[in-house]
Amino acid sequence: PGGKPFTLFESAAIMIYLSEKAGGKLIPKDPAERYKCLEWLMFQMGGIGPMFGQWNHFGAYAPERIPYAVERYGNEVKRLTRVLNTRLGETPWLAGDEYSMADIITFPWLHTASDPSPRFDQRGYIDRGEFPHVQRWFDAIAARPAVQRGLQVLESAREQKAITDSEREVYFGQAQFQRRGRRK
């Protein structure tokens, strides 16, 4: 803003900023539709991200398997997916009739949660076939050329290397709590 460098964190805040910078793309201009978009953006931030993230952590990355945690978060992931399925049974996209940032920010969580590959054997996966409206929505997003390019980048990165012990320590171990310098 004002031609000066600007640091921003939190994915939804970044998406809103980029949308406004691009003239309001991917967020409805009509106030009621705009707030519906923001509502589903916040649903991802307050529900989908935290719960899917914990399920993924305890099911795929935790150093020891804790069945209670995997089951607890797995049940919450299924509940949230049912909420999405209900919404997507009412409207083509999360925010209404148009593809929006609410769809963009939610899609990656469903992509990972429905991955049945062996790396997630401990966690399991969401069978999108149980959620027909989520499946329709997912397929529509996955068919978008930009999404296909992004998924190819992700798959290439996964193929290139596994997480190292030092990276695991930063992500999940004691190193995650170490104080780091701030940029000025």
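These numbers come from a predicted model, not from an experiment.

J.: Describe the packing of aromatic side chains, listing the residues and the values that go with them.
T.: The geometry of two aromatic rings is summed up by the distance between their centres and the angle between their planes. Tallied over the full model, the rule gives seven aromatic pairs. Each ring, one from Phe52 and one from Trp109, has its centre 6.5 Å from the other, and the planes form 80 degrees; the classification is edge-to-face. Linking Phe52 in helix H2 (residues 31-61) with Trp109 in helix H4 (residues 101-113), this pair joins segments that are 57 residues apart in sequence. The partly exposed category is assigned to Trp109, whose relative accessible area is 29%.

J.: Before we move on, could you go through the side chain of His57 and cite the residues and values that matter?
T.: In this fold, His57 is placed in helix H2. Sequence-distant contacts of His57, defined by excluding residues within four places in its chain, comprise Ala62 and Phe172.

J.: Any chance you could break down the packing of helix H1 (residues 11-21) against H2 for me, citing the residues and the numbers?
T.: Between H1 and H2, the least distance of the axes is 10 Å, while the angle of their chain directions is 150 degrees. Regarding the angle of H1 to H2, the classification is roughly antiparallel. For the pair formed by H1 and H2, the contact residues are Ala12, Ile16 and Glu20 on the first element and Arg34, Leu38, Leu41 and Met45 on the second. By residue class, the composition of the contact of H1 with H2 is five nonpolar, no polar and two charged.

J.: Report on a negative patch on the surface, specifying residues and quantitative values.
T.: A cluster of acidic side chains, namely Asp30, Glu33, Asp97 and Glu98, defines a negative patch on the protein surface. Inspection of the secondary structure puts Glu98 in the loop between helix H3 (67-90) and H4.

J.: Outline the pattern of salt bridges, listing residues and values.
T.: All chains considered together, the criterion is met by four salt bridges. Between Glu76 and Arg79 there is a salt bridge whose closest N-O contact spans 2.7 Å. Of this pair, Glu76 and Arg79 both sit in helix H3, three residues apart, which is roughly one turn of the helix. Exposure remark for Arg79: the relative accessible area of 36% places this residue in the partly exposed category. Between Arg87 and Glu90 there is a salt bridge, with the nearest N and O atoms lying 3.7 Å from each other. Of this pair, Arg87 and Glu90 both sit in helix H3, three residues apart, which is roughly one turn of the helix.

J.: Describe the environment of Met101, naming the residues involved and giving the relevant values.
T.: Relative to the elements of secondary structure, Met101 occurs in helix H4. Judged by its relative accessible area of 1%, Met101 falls in the buried class. Put simply, Met101 and Phe177 are 76 residues apart on the chain and 31 Å apart in space, counted from C-alpha to C-alpha.

J.: I'd like to hear about the nonpolar core, residue by residue, with values.
T.: A general tendency of soluble globular proteins is for nonpolar side chains to be buried together. Core analysis: the largest hydrophobic core is formed by 37 residues, its most contacted members being Leu84 and Trp137. Of all the secondary-structure elements, those providing two or more residues to this core are H1, H2, H3, H4 and helix H5 (132-142). With nine residues, H2 is the single largest residue contributor to this core. Those residues within four positions of Leu84 in sequence are excluded, and the remaining contacts are Trp40, Phe43, Ile48, Leu94, Thr106, Leu110 and Val134.

Conventions we followed
Residues numbered from 1 in each chain as written. Predicted model: local features only at pLDDT ≥ 70, side-chain atom pairs only at ≥ 80, totals over all residues. Heavy atoms only, no water. Phe/Tyr/Trp six-rings, centres within 6.5 Å; stacked < 30°, edge-to-face > 60°. Helix = DSSP H or I, 4+ residues; strand = E, 2+ residues; numbered from the N terminus. Buried < 20%, exposed > 50% of the residue type's maximum accessible area, 1.4 Å probe, protein only. Contact = heavy atoms within 4.5 Å. Axes fitted to C-alpha atoms, helices over the stretch in contact; angles between N-to-C directions. Parallel < 35°, antiparallel > 145°, perpendicular 65-115°, else oblique. Nonpolar A, V, L, I, M, F, W, Y, C, P; charged D, E, K, R; others polar. Patch = residues over 30% accessible without salt bridge, like charges linked within 9 Å, V, L, I, M, F, W, Y side chains within 5 Å. Areas by Shrake-Rupley, 256 points an atom, 1.4 Å probe, with all protein chains shown as cover. Salt bridge = Lys/Arg side-chain N within 4 Å of Asp/Glu carboxyl O. Lys, Arg positive; Asp, Glu negative; His and termini not counted. Charge placed at Lys NZ, Arg CZ, Asp CG, Glu CD. Core = buried A, V, L, I, M, F, W, Y, C linked by side-chain atoms within 4.5 Å.

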